Amino acid sequence: LRAEIKPESDEIALTNKGLIPMEVEGVLENHTVLVKGDRIVAIGSPSEVEIPPGASVIDGTGAYLIPGLANMHAHLFEYDPDPRHLILYLAGGVTTVRSLNSRKETFSWRDNVAGGKWPGPTIFLSGRVIVGFPDDFRMLAVGLKTGTLLGIIFVSMLLFGAIVAILALVQGAELAMEMASRWVLPWLVLSVLAAIIVVWRKVIPLTSLAARFVPQAAVVETPRQARAEVERQVKARIDFIKPYDHLDRETYLAALAAARENGIYTAGHIPEDPDFISVEEALAGGLNEIAHVDEMTHEFLIGFDPKDDKNSEWEIAMERIDDIAAT
């Protein structure tokens, strides 16, 4: 390509190229595209588009111009943590990337590209995937809860010991020992009861603990926790919500409802465990987009039983494919 670049100008004319549009079939030959700043301001034949005297000109004879491509299902950072490689998207013609997971690092990537600090595609980020604990990790959940429970008891006993030590300094060791012998058992019992209520009644979500193992996941176990997580993500300026797997029906639908109430788009999975949720239920609940086609293939199977072996072979009801597509 021949180019006459004028760095002081914010206008660029791309000339003599074949333009591939989106609204009609075919190629628009020998078209000029005029860009000013970050906007396309004119498209047409050379006789229709006047090139300003101070504009940079890129002669695209023999070349073609297409709209920027969009990668709508990427996982930024997960496979390549180096933001310098974002420019490779542009080199491949990809000007928009939607990442279906987010970490704290990717927020800075999005903002630095948007602010013109880094070269790269426009980035749209989901929040952390909103997920439940899979059956395979129930023991991990029990371990985390047990550790939290023991931590609460330990802190409570430290507090009790500190009170006794202060009393010993102020009132004397005899009074302090008398109080300790009278109250240590009731205090311990109350600590255990409080810890059980807090942990097993799910007052404390496992999100913060699980995030140490899976930083892109927000683990929720109740509808209340799901709503709270959606609210947190909205405040963190995410672009859309990603509901994920292993959520029971009420928790999954609560996440969708909270997103809908906040006007936030949802693109994610349809859980099959612990509850089986149909495509119709998910869409009626507010899911805007199903992330993977295999999450609805069970809808086409004759006699499908979600409790049966997933590797079983099933006959396909072809008419159901049309029904689901229409839905």
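What you see is a predicted model, and the numbers here were worked out from it, not measured in a lab.

**Side note on the overall build of the chain**
So, point 1. Looking only at helices and strands, the chain features nine helices and 14 strands.
So, point 2. Relative to its full complement of 327 residues, the chain shows a buried share of 36%.
So, point 3. Put simply, 66% of the contacts in the chain that link residues at least 6 apart link residues at least 24 apart.

**Brief notes about the sheet that holds strand 14 (residues 289-290)**
Paired through their backbone hydrogen bonds, the strands of a sheet run either parallel or antiparallel.
So, point 1. The parallel open sheet is built from three strands, whose spatial order is 12-13-14. Two strands close off the open sheet at either side, each with one partner strand: strand 12 (240-241) and strand 14.
So, point 2. Taken together, the two bridges between strand 12 and strand 13 (residues 265-268) define a ladder with parallel strand orientation. Across the sheet, the residue bridging to F240 is Y265, located in strand 13.

**Concerning unusual backbone geometry**
So, point 1. At the junction of D273 and P274, the peptide bond is cis and its omega measures out at 0° in the coordinates.
So, point 2. Looking at the element boundaries, P274 is found in the loop between strand 13 and helix 8 (279-285).
So, point 3. We note that F77 has phi near 75°; this positive angle belongs to a residue other than glycine.
So, point 4. The topology assignment puts F77 in the loop between strand 7 (69-74) and helix 1 (87-91).

**So, the packing of aromatic side chains**
So, point 1. In total, this model carries three aromatic pairs according to the counting rule given.
So, point 2. When the ring of F77 is compared with that of W109, the centres are 6.0 Å apart and the planes differ by 50°; the resulting orientation is tilted. With F77 in the loop between strand 7 and helix 1 and W109 in helix 2 (residues 104-114), this pair connects stretches of sequence that are 32 residues apart. This pair shows no difference in class: F77 is buried, exactly as W109 is.
So, point 3. Note on F304 and W314: the rings are 5.5 Å apart at their centroids and 65° apart in plane angle, and the pair reads as edge-to-face. With a gap of ten residues between them, F304 in the loop between strand 14 and helix 9 (318-326) and W314 in the loop between strand 14 and helix 9 connect regions that are remote in the sequence.
So, point 4. One aromatic cluster is present, formed by F276, F304 and W314 through successive ring pairs.

**As for the side chain of T15**
So, point 1. Relative to the elements of secondary structure, T15 occurs in strand 2 (residues 11-19).
So, point 2. The buried category is assigned to T15, whose relative accessible area is 8%.
So, point 3. At 3.5 Å, the side chain of T15 and the side chain of N16 are in polar contact.

**Some remarks on the layout of surface pockets**
So, point 1. As a volume, the largest pocket reaches approximately 620 Å³.
So, point 2. In terms of lining residues, the largest pocket is bounded by 24 residues, among which V35, I40, I66, G68 and T95 are the most central.
So, point 3. Residue assignment for the lining of the largest pocket shows that the elements contributing at least two residues are strand 2, strand 3 (28-36) and strand 4 (39-44).
So, point 4. Residue composition of the lining of the largest pocket, grouped by class: 17 nonpolar, five polar and two charged.

**Some remarks on the pairing of strand 13**
So, point 1. As for the winding sense of the linkage, the β-α-β connection from strand 12 through helix 7 (residues 249-261) to strand 13 is right-handed.
So, point 2. Inspection of the sheet shows strand 13 paired to strand 14 by two bridges, in the parallel sense. Its bridge partner being in strand 14, G268 is matched across the sheet by I290.
So, point 3. Crossover connection from strand 13 via helix 8 to parallel strand 14: handedness right-handed.

**Quick look at the sheet that holds strand 7**
So, point 1. Read across the sheet, three strands follow the order 7-8-9 without closing on themselves; strand pairing throughout is parallel. Strands at the two margins of the open sheet, each flanked by one partner only, are strand 7 and strand 9 (122-125). Averaged over neighbouring strand pairs, the angle between their axes works out to 15° when direction is ignored.
So, point 2. As paired elements, strand 8 (residues 94-99) and strand 9 share four bridges and run parallel to each other. Bridging from a neighbouring strand, T96 pairs with T122 of strand 9.

**Thoughts on the nonpolar core**
So, point 1. I123, V230, I241, Y252, I270 and L287 are the most contacted members of the largest nonpolar core, which has 34 residues in total.
So, point 2. Of all the elements in the fold, those that place two or more residues in this core are strand 8, helix 2, strand 9, helix 6 (223-235), helix 7 and helix 8.
So, point 3. With six residues, the single largest contributor to this core is helix 7.
So, point 4. For Y252, the contacting residues outside a window of four places in its chain are P243, Y244, L247, H269, I270, P271, I277, A282 and L287.
So, point 5. One finds V131, F133, A217 and V219 within the second-largest nonpolar core, a separate group that totals five residues.

**Thoughts on the pattern of salt bridges**
So, point 1. For the structure on display, the rule yields 17 salt bridges.
So, point 2. Where K36 meets D10, a salt bridge forms, and the shortest distance between an N and an O atom there is 3.5 Å. Here the residue K36 occupies a position in strand 3, and D10 occupies one in the loop between strand 1 (2-4) and strand 2, the gap between them amounting to 26 residues.
So, point 3. What makes D10 partly exposed here is its relative accessible area of 43%.

Rules behind the numbers
Starting from 1, residues in each chain are numbered consecutively following that chain's sequence as written. This being a predicted model, a pLDDT of at least 70 is required before a residue's local features are given, and a value of 80 or more before pairs of side-chain atoms are given or counted; all residues contribute to the totals for chains, interfaces and linings. Water and hydrogen atoms were dropped before computing side-chain values, which therefore reflect all heavy atoms in the structure. Helical segments are the DSSP runs of H or I of at least four residues, strand segments are the runs of E of at least two, and each set is numbered from the N terminus. Each residue's exposure class comes from its accessible area (1.4 Å probe, protein chains only) as a fraction of the maximum for that residue type: buried when under 20%, exposed when over 50%, partly exposed otherwise. Contacts are assigned to residue pairs that have any heavy atoms within 4.5 Å of one another. Note on pairing: DSSP must find at least two bridges between two strands before they are called paired. Only centres within 6.5 Å qualify two rings of Phe, Tyr or Trp (six-membered ring in Trp) as a pair; their planes then separate them into stacked at under 30 degrees, edge-to-face at over 60, and tilted for everything else. By the criterion applied in these results, polar contacts are pairs of N or O atoms within 3.5 Å in which, for protein atoms, one can donate a hydrogen and the other can accept it, and in which residues neighboring in sequence qualify only through two side-chain atoms. Of the two site types, the cavity is a set of points on a 1 Å grid over the protein atoms alone where a 1.4 Å probe fits but cannot get out, and the pocket is an open set with protein on both sides within 12 Å along at least five of seven lines, each lined by residues with an atom within 4 Å of a point. Grid points are joined across faces, edges and corners, and a volume is the space filled by probe spheres set on the points. Classification used: nonpolar for Ala, Val, Leu, Ile, Met, Phe, Trp, Tyr, Cys and Pro, charged for Asp, Glu, Lys and Arg, polar for all others including Gly. Think of it like this: strands point away, you trace from the first strand over the helix to the second, and a clockwise trace means the crossover is right-handed. Fitted lines through C-alpha atoms give the axes, limited to the stretch in contact for helices. The angle between two N-to-C directions lies from 0 to 180 degrees. In this description, a nonpolar core means a group of buried Ala, Val, Leu, Ile, Met, Phe, Trp, Tyr and Cys residues linked to one another through side-chain atoms lying within 4.5 Å. Every case where a carboxyl oxygen of Asp or Glu lies within 4 Å of a side-chain nitrogen of Lys or Arg is listed as a salt bridge.

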